[in-house]
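# Inside the fold
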Amino acid sequence: MRKPIIAGNWKMFKTRDEALQFVYNVNLKLPSNDFVDSVICAQSPILRDLVRRQGDSLRIGAQNMHYADNGAFTGEISAPLLENIGVEYVIIGHSERRAYFNETDEAINKKIHQAFRYGLKPILCVGESLETRQSNQTDEFVKNQVVLDLKGLGTEQVKTLVIAYEPIWAIGTGLTATSTQANDAIKAIRNVVRDLYDEETAEELRIQYGGSVKPGNIKELLGMSDIDGALIGGASLEVEAFIQMVNAAVK
Ligand code: PGA
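Throughout what follows, the structure given in this document is the object of discussion. No experiment lies behind these values; they were computed from the predicted model shown.

## Some details on the overall build of the protein
When helices and strands are tallied, the protein shows 12 helices and 8 strands. Relative to the globule expectation of 18 Å for 251 residues, the C-alpha radius of gyration of the protein, 17 Å, shows essentially globular dimensions. Projected onto the principal axes, the alpha-carbon positions of the protein cover approximately 45 × 45 × 35 Å. Classification of the 251 residues of the protein by burial places 57% in the buried group. When the accessible area of the protein is evaluated, it comes to approximately 11,500 Å², of which 49% is carbon and sulfur surface. Positive and negative side-chain charges of the protein, numbering 27 and 33 respectively, have mean locations separated by a distance of 4 Å.

Here it is as structure tokens:
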């Protein structure tokens, strides 16, 4: 049985005050992390404050990091620093970073290795554009991303990893993949991992769906055989919506 994982990706939203208020309110109502992992991925300057107030159930993640330990990389964030301040997760390869900050699969692969070196749990994002889906190349495109992004990782690492399948056309658009489309793509990812590794690794790996997930559609998505949670942007900014979506994951 894979434990569901519900992660909020706040992107470039919320001030420190707003974030602390959210965490205070959410902590009063979150179910135990025996049943579901709840994560908030916030902007870097407030991560330390959020970790200090994360309580028993919530865990905190970053939205990006560099693959080097340190160096002349102005504006970047290092894995040693994230580890040092108690961050547990890090989103890697989000489609917005791939599109606006030219992140390649090669860099993403290096970042995943680096995250593991510092005990951080990567949430690797993959997903196709509308054009790719319309030309029936989704499985091939996503498979290629998974193969390149996981290169050189061992089975124990892949079991700890979380993959978020996020079709680009469904992010922030209000268009959600149907539960069948999402489950099929996630099954295909699990098959790639089965081929690359083994049955046990494929069965343990948690794969989320992301793209316009909200309280109204999360139950159906999580009811599918292979969907182990959600990576949520817009709808994770509201306390009540976040709590509802975490509760929807408790079986
Ligand atoms: P959305 O974003 O839920 O606002 O579509 C998802 C994501 O970008 O991770």
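This is not the end of the story, as more comes after the structure.
## Here we look at the packing of helix 5 (residues 105-117) against helix 7 (residues 138-149)
One can describe the packing of helix 5 onto helix 7 by two numbers: an axis separation of 8 Å at closest approach and a directional angle of 45 degrees. It follows that helix 5 is oblique to helix 7 by the angle criterion. Between helix 5, through D105, I108, N109 and I112, and helix 7, the contact on the second element is made entirely by Q145, L148 and D149. Of the residues contributing to the contact of helix 5 with helix 7, the split by class is 3 nonpolar, 2 polar and 2 charged.

## Some remarks on the sheet that holds strand 2 (residues 37-41)
Around the barrel, 8 strands lie side by side as 1-2-3-4-5-6-7-8; this closed barrel has parallel pairing. On average, each strand axis in the sheet is tilted by 25 degrees relative to the strand beside it, whichever way the strands run. Alignment of strand 6 (residues 162-165) against strand 7 (residues 206-210), held across 4 bridges, turns out to be parallel. Following the sheet pairing, Y165 is matched in strand 7 by Y209. In this fold helix 7 packs onto strand 5 (121-126) and strand 6, with an angle of close to 150 degrees to the strand it touches most, strand 5. Relative to strand 7, helix 9 (residues 179-196) is tilted by about 150 degrees, and along the sheet it contacts strand 5, strand 6 and strand 7.

## What to know about the packing of aromatic side chains
Applying the stated criterion across every chain yields a total of 3 aromatic pairs. Judged by centre distance (4.8 Å) and plane angle (90 degrees), the rings of W10 and F22 are edge-to-face. You can see W10 sitting in the loop between strand 1 (5-9) and helix 1 (16-27) and its partner F22 sitting in helix 1, a full 12 residues away along the chain. Taking relative accessible area as the criterion, W10 reaches 1% and is therefore assigned buried. By relative accessible area, which is 3% here, F22 ends up buried. Residues F22 and F242 carry aromatic rings whose centres are separated by 5.8 Å and whose planes lie at 55 degrees to one another, so their mutual orientation is tilted. Here the residue F22 occupies a position in helix 1, and F242 occupies one in helix 12 (residues 239-248), the gap between them amounting to 220 residues. What links up through ring pairs into an aromatic cluster is the set W10, F22 and F242. The ring of W10 has K14 lying over it, and the distance from NZ or CZ to the ring centre is 5.2 Å. The positively charged end of R97 is found above the aromatic ring belonging to F101, 4.2 Å away from the centroid.

## Details of the site of the ligand
What surrounds the ligand is a group of 13 residues, the closest being K11, H94, E166, G172 and S212. In this structure, E166 approaches the ligand through a side-chain N or O atom, which is 2.6 Å from an oxygen atom. Contact between the ligand and G234: an oxygen atom at 2.9 Å from a main-chain N or O atom of the residue. Contact with the protein chains removes 95% of the 280 Å² of surface that the ligand exposes when unbound. According to the grid-proximity analysis, the pocket containing the ligand is the second largest pocket. Residue composition of the shell around the ligand, by class: 4 nonpolar, 7 polar and 2 charged.

## Some remarks on the pattern of salt bridges
Throughout the structure, instances matching the rule amount to 20 salt bridges. Among the salt bridges present, the one from R2 reaches E203, with a minimum N-O distance of 3.3 Å. Remark: E203 occurs in helix 10 (residues 199-204) and R2 occurs in the segment before strand 1; sequence separation between them is 201 residues. For R2, a relative accessible area of 18% gives the class buried. Notably, a salt bridge pairs K29 with E240, separated by 2.5 Å at the nearest N-O pair. Pair noted here: K29 is in the loop between helix 1 and strand 2 and E240 is in helix 12, with a separation of 211 residues, a long-range link. Overall, K29 belongs to the partly exposed group, its relative accessible area being 42%. Each of the salt bridges in this network shares a partner with another, and the network as a whole consists of R2, R190, R194, E199, E203, D226 and D228.

Calculation criteria
- Residues numbered from 1 in each chain as written.
- Predicted model: local features only at pLDDT ≥ 70, side-chain atom pairs only at ≥ 80, totals over all residues.
- Heavy atoms only, no water.
- Helix = DSSP H or I, 4+ residues; strand = E, 2+ residues; numbered from the N terminus.
- Rg over C-alpha atoms; globule rule 2.2 N^0.38 Å.
- Buried < 20%, exposed > 50% of the residue type's maximum accessible area, 1.4 Å probe, protein only.
- Areas by Shrake-Rupley, 256 points an atom, 1.4 Å probe, with all protein chains shown as cover.
- Lys, Arg positive; Asp, Glu negative; His and termini not counted.
- Charge placed at Lys NZ, Arg CZ, Asp CG, Glu CD.
- Axes fitted to C-alpha atoms, helices over the stretch in contact; angles between N-to-C directions.
- Parallel < 35°, antiparallel > 145°, perpendicular 65-115°, else oblique.
- Contact = heavy atoms within 4.5 Å.
- Nonpolar A, V, L, I, M, F, W, Y, C, P; charged D, E, K, R; others polar.
- Pairing = 2+ DSSP bridges.
- Phe/Tyr/Trp six-rings, centres within 6.5 Å; stacked < 30°, edge-to-face > 60°.
- Lys NZ or Arg CZ within 6 Å of the ring centre and 35° of its normal.
- Near = heavy atom within 4 Å.
- Polar contact = N/O pair within 3.5 Å; in protein donor to acceptor, adjacent residues only side chain to side chain.
- 1 Å grid on protein atoms, 1.4 Å probe; cavity = no way out; pocket = protein on both sides within 12 Å on 5 of 7 lines; lining within 4 Å.
- Sits in = over half its atoms within 2 Å of the grid points.
- Salt bridge = Lys/Arg side-chain N within 4 Å of Asp/Glu carboxyl O.

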